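# Breakdown of the fold
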Amino acid sequence: MKISYNWLKEYIDFNETPEKLGDILTQTGLEVEGIETVEKVPGGLQGIVIGEVMSCDQHPNADKLKVTKVDIGEDELSQIVCGAPNVEKGQKVLVATVNSTIHPTNGEPFKIKKAKIRGEVSMGMICAEDELSLGTNHDGIMVLDTDKANGTPAIALFETGEDHVFEIGLTPNRGDATSHMGSARDLKAYFRKELNIPQPKPFDTKIDDPISVEVKDHDRCPRFSGITIRGIKVQDSPDWLQWKLRSIGLEPINNVVDITNYVLHSIGQPMHAYDASHVKGNKIIVDTLKENTPFTTLEGKERKLSKDDLMVCNGEGKGMCMAGVLGGHNSGVTAATTDIFLESAYWNADGIRSTAQRHTISTDASFRYERGADPEMTIPAVQLGASLILELAGGHIASDIVDIYPNPIAEKEIAIEFKTFHWLIGKELDHKLITEILNWLDIKTKDVTETGFSAIVPAYRSDVTRPADLVEEVLRIYGFNEVALDEEFSADYLAEFNEHEPYRIQEELSRFLAGRGFSEILTNSLTSPRYYKKFPLGGEPIEMLNPSSEELTIMKTSPAYTALESVAYNINRRNPNLKFFELGRSYEKETHGYKETEWLSFYLTGNNLEANWLDEPRKNSFHDLSTSVMGMLKYAGIRKTEIVPSEKESLYEYGVVIKKEGKTLGILGKLKKELLSIYGIKQDVFHSQLDWNAIVSLYKSDIAYEPIPKYPEVKRDLSLVLDKKISYADIQQLAFKQEKKLLNRMNLFSVYEGDKIEKGKKAYAISFFLQDKFKTLTDKQIDKSMNSLMSLYEKELSAVIRK
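## Observations regarding the overall build of the chain
Each helix and strand counted, the chain has 19 helices and 42 strands in total. A compact globule built from 803 residues would reach a C-alpha radius of gyration of about 28 Å, whereas the chain, at 36 Å, exceeds it by more than 25%. In terms of principal-axis extent, the alpha carbons of the chain reach across some 115 × 90 × 60 Å. Taken over 803 residues, the chain has a buried fraction of 49%. Sequence separation of 24 or more characterises 68% of the internal contacts of the chain that already satisfy a separation of 6 or more. Element-wise, carbon and sulfur atoms account for 48% of the exposed surface of the chain, whose accessible area totals about 41800 Å². The average position of the 97 basic charges and that of the 121 acidic charges among the side chains of the chain differ by 9 Å.

Here's what the structure looks like:
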């Protein structure tokens, strides 16, 4: 949820910086996950000045370009090449000077440089409005009507406001804080200051064919309010309203829709405006429709309704809106709308949640209703919305306010003793302070005695239902940090722990991989079914009964599905050189249940090294990832693994299987282009996927140290001509099995396939390193070991030996 710093200041006075206010909001229970600075005009028009075109001549080498001389307030005129069809001598224009950065409405910012365009020097740029994010028009340059001096900064003509927006990770129980006024309520209690609640302008009523309302389900629609407004003009919203909405990430639509969004984010009450021409029978009916009734929602998608979906219908019984969730395609406000019915209702949270989840819809309205809106806010919202519509769209109020509220929701009364606060907080607070904090939170207190009191909780605080909730309310305003822990705090029991617990192994290996230049990623367990349909991996997917969105309806059958989204995201943002690892899970159906597997996955792509003055960049390869994965396994104490070519691996263009004592640890290879193309990834990606439980079971943390041997290592080289199907891993395995005592290590330094050897054959050039830790090897011992190895290769692999 986004909250604007400037907007918040309209509700309560404070002087704290955005950073300090973020700390206060977090302390009071509204966790600020980030603070973003937003500019009304990106870049603040820095380096943009007013100029005057002093001459405008045809470019000698281009029919569609002009060479202008522009006065930007400097000693000499600036020559600027311009391609706009409307540029003329005598115009006042906006000029982006050399070294300034412009921020187009569409596209990435770029720096203005001195340039030559078709042979003519250009010292800047004469700008259109969309090139400065001042609008969307690109038909020509902006021509100014101003008498300001040439060279005057453009900010003298345009308001370039700045705001700071808090990203708040709102918990599901805080439905009361889903607006600027709701967040200000917590600050009211913290600062002990009253709120500044904007009062709507009073309006007159001229009864003119009012729309009536009938509610057939008062349990799911406890309160329905609204008003008829006629004779409006739908147009763009004024600048102040557009800026407010854009600051919190909303795109303005038109004055009526923007007002409903403004009211929602101001005071937390969702509203919906219906085009009155679609309210057939001049009547609104709140009811359900038959199972599988088709209904086209606002975004143009047809959905099949459930008989349990509560709908707002017209007098003919046709659906106009999924109540509290999403409006209909045909009943919304358009440029042709002149009459509207403005709805402000209180819907039952359970019903809204069921409909939203059933249709995998999440909207600003459903977000608030699911958490519990304020039943007392429907009328103030109608008054505020109607007064703004009269101000910004004209028209007249054509009905009295409709308010159907047969069973008013009562405030909750909770009895509590002061000792409950002391017991749960761990600190004795003054009784007056406790009641004072609650009162500032709009929780009234009555029957206060020395031992306790009764709290009267307003209806909009649906999360406060028991004594412990009252304690939490007091503590979050008083401050968790104000409750000190006793230095003597201790426990009588110390549990045993396993040094090889998976989380400890994870931390150890994560540090190792970070040291190798890898970055850890964490991705969603849910993914899009289109990935599985286009490139099936793993078993049968598990479908969600209540998906949070249409894109996230199955649990991933492979970690690669979501990790490749991260790879593509980085590549698309010019970060193509990636080394990722992730500890994640895959999920699939089985005959009698579900299977969940934990994997350690790796993703390597781009260059191994950035270009620099000393080295040329080199692309990552299969062997780079293999070295990292095998190095990690050795670090984990998992040695003497087997590498077997993968013949049936659907994931890779080529790859291997990693085994230990016959048990598969994982796979490693180059991902298929068919899979990468789903994500728009055009560069090679190397991947490995290891069974985490197998790693944990084989992990050895004991590291043994020994002195460097006193006696030298001896190297002997052999060239083996073998059948091309025989791998280096086969050669290596045989060698260590035969010569366990003296063979220290091996190194493959050349592989040859060509016309100099028999067809179907391959030549390996290998170094063998022999060493005895306790004495110097003699030639006799060395020859014996090497002869033994050569005989073995000739017998077992039919090798031709070339020394």
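## Section: the sheet that holds strand 27 (residues 444-446)
The strand order 26-28-27 describes an open sheet built from 3 strands, whose pairing is antiparallel. Among the strands making up the open sheet, the edge pair consists of strand 26 (412-417) and strand 27. Taken over all neighbouring pairs, the strand axes of this sheet differ in orientation by 30 degrees on average, direction set aside. Helix-sheet contacts for helix 9 (residues 418-425) involve strand 26 and strand 28 (452-457), and the interaxial angle to strand 26 is about 75 degrees. Sheet contacts for helix 10 (residues 431-440): strand 27 and strand 28; angle to strand 27, the most-contacted strand, approximately 135 degrees.

## So, the packing of helix 9 against helix 10
At a minimum axis distance of 10 Å, the contact between helix 9 and helix 10 shows a crossing angle of 90 degrees. Taken together, the axis directions place helix 9 and helix 10 in an arrangement best described as roughly perpendicular. Contacts from Phe418, Phe421 and His422 in helix 9 reach His431, Ile434, Thr435 and Leu438 in helix 10.

## A look at the sheet that holds strand 35 (residues 642-645)
Pairing is mixed in the open sheet, where 7 strands are placed in the order 29-33-34-38-37-36-35. The sheet terminates laterally at strand 29 (519-520) and strand 35, the two strands that pair on one side only. As defined by bridge partners, strand 34 (residues 593-605) adjoins strand 38 (residues 685-691) across 7 bridges and the pair is classed as antiparallel. Paired with Thr605 across the two strands is Val685, which belongs to strand 38. Its contacts with the sheet put helix 12 (residues 502-515) on strand 29, strand 33 (578-590) and strand 34, and the angle it makes with strand 33 is roughly 140 degrees.

## Here we look at the environment of Ser225
Relative to the helices and strands, Ser225 is located in strand 15 (residues 223-230). Residues Ser225 and Met377 lie 152 residues apart in sequence; the distance between their C-alpha atoms is 9.9 Å.

## Notes on unusual backbone geometry
Phi is positive for Asn282, which is not a glycine, with a value near 50 degrees. Relative to the helices and strands, Asn282 is located in the loop between strand 16 (272-275) and strand 17 (283-288). Phi at Ser798 takes a positive value of approximately 55 degrees, unusual for a residue other than glycine. Within the element layout of this structure, Ser798 appears in the loop between helix 19 (779-797) and strand 42 (800-802). Residue Ser798 is classed as exposed on the basis of its relative accessible area, which comes to 51%.

## Observations concerning the state of the cysteines
In this structure the tally under the stated criterion is 0 disulfides. With no disulfide partner, Cys221 has as its closest neighbouring cysteine sulfur the one in Cys321, 11 Å distant. Take Cys313: it sits in no disulfide, and the sulfur closest to it among the cysteines is that of Cys321, at 9.7 Å.

## Details of the side chain of Gln91
With respect to the secondary-structure elements, Gln91 resides in the loop between strand 5 (78-82) and strand 6 (92-96). Accessibility expressed as a relative area gives 10% for Gln91, which makes it buried. There is a polar contact of 2.7 Å between the side chain of Gln91 and the backbone oxygen of Asn86. Setting aside residues up to four positions removed in sequence, Gln91 forms contacts with Gly51, Glu52, Val53, Asn86, Ile141 and Val143.

## Here's the deal with the environment of Thr449
Within the element layout of this structure, Thr449 appears in the loop between strand 27 and strand 28. For the pair Thr449 and Val165, spaced 284 residues apart in sequence, the C-alpha to C-alpha distance is 44 Å. Polar side-chain contacts of Thr449 include one of 3.2 Å to the side chain of Thr451.

## Side note on the nonpolar core
Counting residues in each nonpolar core, the largest one holds 50 residues, and the members touching the most others are Leu21 and Ile389. Considering every element that reaches this core, the biggest residue donor is helix 8 (residues 378-393), with 8 residues. The next biggest cluster of nonpolar side chains, apart from the first, holds 33 residues, and it includes Val279, Met322, Ala345 and Ala365.

## Examining helix 5 (residues 255-267)
An ideal rise of 1.5 Å per residue puts 18 Å on 13 residues; helix 5 measures up with 18 Å between its terminal C-alpha atoms. Across the 13 residues that make up helix 5, a large majority, 11, are buried. Where helix 5 is concerned, the buried positions are Asn255, Val256, Asp258, Ile259, Thr260, Tyr262, Val263, Leu264, His265, Ser266 and Ile267. N-capping of helix 5 is provided by Asn254, with a side-chain oxygen placed 3.1 Å from the backbone N of Val256. Just beyond helix 5, the residue with positive phi is Gly268, at close to 85 degrees.

## Comments concerning the side chain of Ser688
As for its placement among the helices and strands, Ser688 is situated in strand 38. Within polar-contact distance, the side chain of Ser688 engages the backbone oxygen of Ile667 at 2.8 Å. Look past the residues within four positions of Ser688 in its chain and what remains in contact with it is Leu600, Ser601, Phe602, Leu625, Val629, Tyr652, Ile667 and Leu668.

## What about the packing of helix 2 (residues 18-27) against helix 3 (residues 180-191)?
The geometry of helix 2 relative to helix 3 is characterised by a closest axis approach of 10 Å and an angle of 95 degrees between their N-to-C directions. When the interaxial angle is binned, helix 2 and helix 3 end up roughly perpendicular. Between helix 2 and helix 3, the contacting residues are Leu21, Ile24, Leu25 and Gln27 on the first element and Ser183, Leu187, Tyr190 and Phe191 on the second. Taken together, the residues that form the contact of helix 2 with helix 3 break down as 6 nonpolar, 2 polar and no charged.

## A short note on the pattern of salt bridges
Evaluation of the coordinates by the stated rule reveals 40 salt bridges. Ionic pairing is found between Arg461 and Asp176, a salt bridge with its closest N-O pair at 3.6 Å. One end of the pair, Arg461, is in the loop between strand 28 and helix 11 (467-478); the other, Asp176, is in the loop between strand 13 (162-168) and helix 3, with 285 residues separating them in the sequence. For the pair formed by Arg461 and Asp176, the shared burial category is buried. For Glu473, the salt bridge identified is with Arg476, shortest N-O distance 2.8 Å. With a gap of 3 residues between them, Glu473 and Arg476 both fall in helix 11, about one helical turn apart. A relative accessible area of 3% means that Glu473 is categorised as buried.

## Let's talk about the environment of Glu661
Inspection of the secondary structure assignment puts Glu661 in the loop between strand 36 (652-660) and strand 37 (663-671). What makes Glu661 exposed here is its relative accessible area of 67%. Through-space distance from the C-alpha of Glu661 to that of Lys640 is 8.5 Å; in sequence the pair is 21 residues apart.

## Things to note about the pairing of strand 15
For a regular strand, the rule is simple: side chains alternate between the two faces of the sheet. Most of strand 15 is tucked away: 8 of the 8 residues are buried. Burial along strand 15 is two-sided: the face carrying Arg223, Ser225, Ile227 and Ile229 and the face carrying Phe224, Gly226, Thr228 and Arg230 are both buried. Where strand 15 meets strand 23 (residues 339-346), 8 bridges bridge the pair, whose relative direction is antiparallel. Pairing of Gly226 across the sheet is with Glu343, part of strand 23.

Conventions we followed
Residues numbered from 1 in each chain as written. Predicted model: local features only at pLDDT ≥ 70, side-chain atom pairs only at ≥ 80, totals over all residues. Heavy atoms only, no water. Helix = DSSP H or I, 4+ residues; strand = E, 2+ residues; numbered from the N terminus. Rg over C-alpha atoms; globule rule 2.2 N^0.38 Å. Buried < 20%, exposed > 50% of the residue type's maximum accessible area, 1.4 Å probe, protein only. Contact = heavy atoms within 4.5 Å. Areas by Shrake-Rupley, 256 points an atom, 1.4 Å probe, with all protein chains shown as cover. Lys, Arg positive; Asp, Glu negative; His and termini not counted. Charge placed at Lys NZ, Arg CZ, Asp CG, Glu CD. Pairing = 2+ DSSP bridges. Axes fitted to C-alpha atoms, helices over the stretch in contact; angles between N-to-C directions. Parallel < 35°, antiparallel > 145°, perpendicular 65-115°, else oblique. Disulfide = S-S within 2.5 Å. Polar contact = N/O pair within 3.5 Å; in protein donor to acceptor, adjacent residues only side chain to side chain. Core = buried A, V, L, I, M, F, W, Y, C linked by side-chain atoms within 4.5 Å. Expected span 1.5 Å × (residues − 1). Nonpolar A, V, L, I, M, F, W, Y, C, P; charged D, E, K, R; others polar. Salt bridge = Lys/Arg side-chain N within 4 Å of Asp/Glu carboxyl O.

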